[in-house]
Amino acid sequence: MKLVIAIIQPHRLEQVKKELYNVEVNLITVSEVLGHGRQKGITEVYRGVKETGNLLRKIRLEIAVNDNFLDCTVKAIVKGAKTGATGDGKIFVLDLQECIRIRTEETGSLAIG
Ligand SMILES: Nc1ncnc2c1ncn2[C@@H]1O[C@H](COP(=O)(O)OP(=O)(O)OP(=O)(O)O)[C@@H](O)[C@H]1O
Ligand SMILES: [Mg+2]
């Protein structure tokens, strides 16, 4: 199992969700976060407005998937989030040791999706 963590631009969230649903990835955690990349957040365009400040608003997605879903999950995020501009975001892939559905106490692949 893998844990996919993606930091994306807030205005791309709806498109990323749509692309994820298209590949049947439906379980997702979304947080509002602050961050900056290589440009140190100096200036980026958000909803047509230039935003200035060291830390800019971003969306963090967490998606736990079985290994055979990793590729399509990453591709869906890229497809939904990419504009070609700096600040488009980044995807981190981590090995995931365990997953437990609390209600049923199922574990691993049974619990994840
Ligand atoms: N190495 C990192 N560690 C932790 N968070 C990061 C890292 N790189 C990027 N991020 C997070 O991802 C967000 C988007 O990063 P961003 O797309 O600006 O990356 P970048 O490396 O600066 O690439 P680009 O040159 O395309 O802008 C950042 O605001 C930050 O929250
Ligand atoms: Mg950047």
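Residues numbered from 1 in each chain as written. Chains lettered and ligands numbered in written order. Predicted model: local features only at pLDDT ≥ 70, side-chain atom pairs only at ≥ 80, totals over all residues. Heavy atoms only, no water.

Enquirer: Requested: an account of the state of the cysteines, with residues and values cited.
Expert: In a disulfide, the sulfur atoms of two cysteines are covalently bonded to one another. For the coordinates displayed, the defined rule picks out zero disulfides. Of all cysteine sulfurs, the one in Cys72 lies closest to Cys99, which takes part in no disulfide; the gap is 17 Å. (Disulfide = S-S within 2.5 Å.)

Enquirer: If you had to explain unusual backbone geometry to someone new, which residues and values would you point to?
Expert: Here Glu24, not a glycine, exhibits a phi torsion of approximately 65°, which is positive. As for its placement among the helices and strands, Glu24 is situated in the loop between α1 (13–22) and β2 (29–35). You can call Glu24 exposed: its relative accessible area is 62%. (Helix = DSSP H or I, 4+ residues; strand = E, 2+ residues; numbered from the N terminus. Buried < 20%, exposed > 50% of the residue type's maximum accessible area, 1.4 Å probe, protein only.)

Enquirer: Lay out the packing of α1 against helix α2 (residues 70–81) in plain terms, naming residues and giving numbers.
Expert: Direction vectors running N to C along α1 and α2 enclose 145°, while the axes themselves pass 8 Å from each other. You can see that α1 and α2 cross each other, and the crossing is right-handed. Together, Gln15, Val16, Glu19 and Leu20 of α1 and Thr73, Ala76, Ile77, Lys79, Gly80 and Ala81 of α2 make up the contact between the two elements. Among the residues forming the contact of α1 with α2, the class breakdown is five nonpolar, three polar and two charged. (Axes fitted to C-alpha atoms, helices over the stretch in contact; angles between N-to-C directions. Left-handed = near helix turned anticlockwise from the far one by under 90°. Contact = heavy atoms within 4.5 Å. Nonpolar A, V, L, I, M, F, W, Y, C, P; charged D, E, K, R; others polar.)

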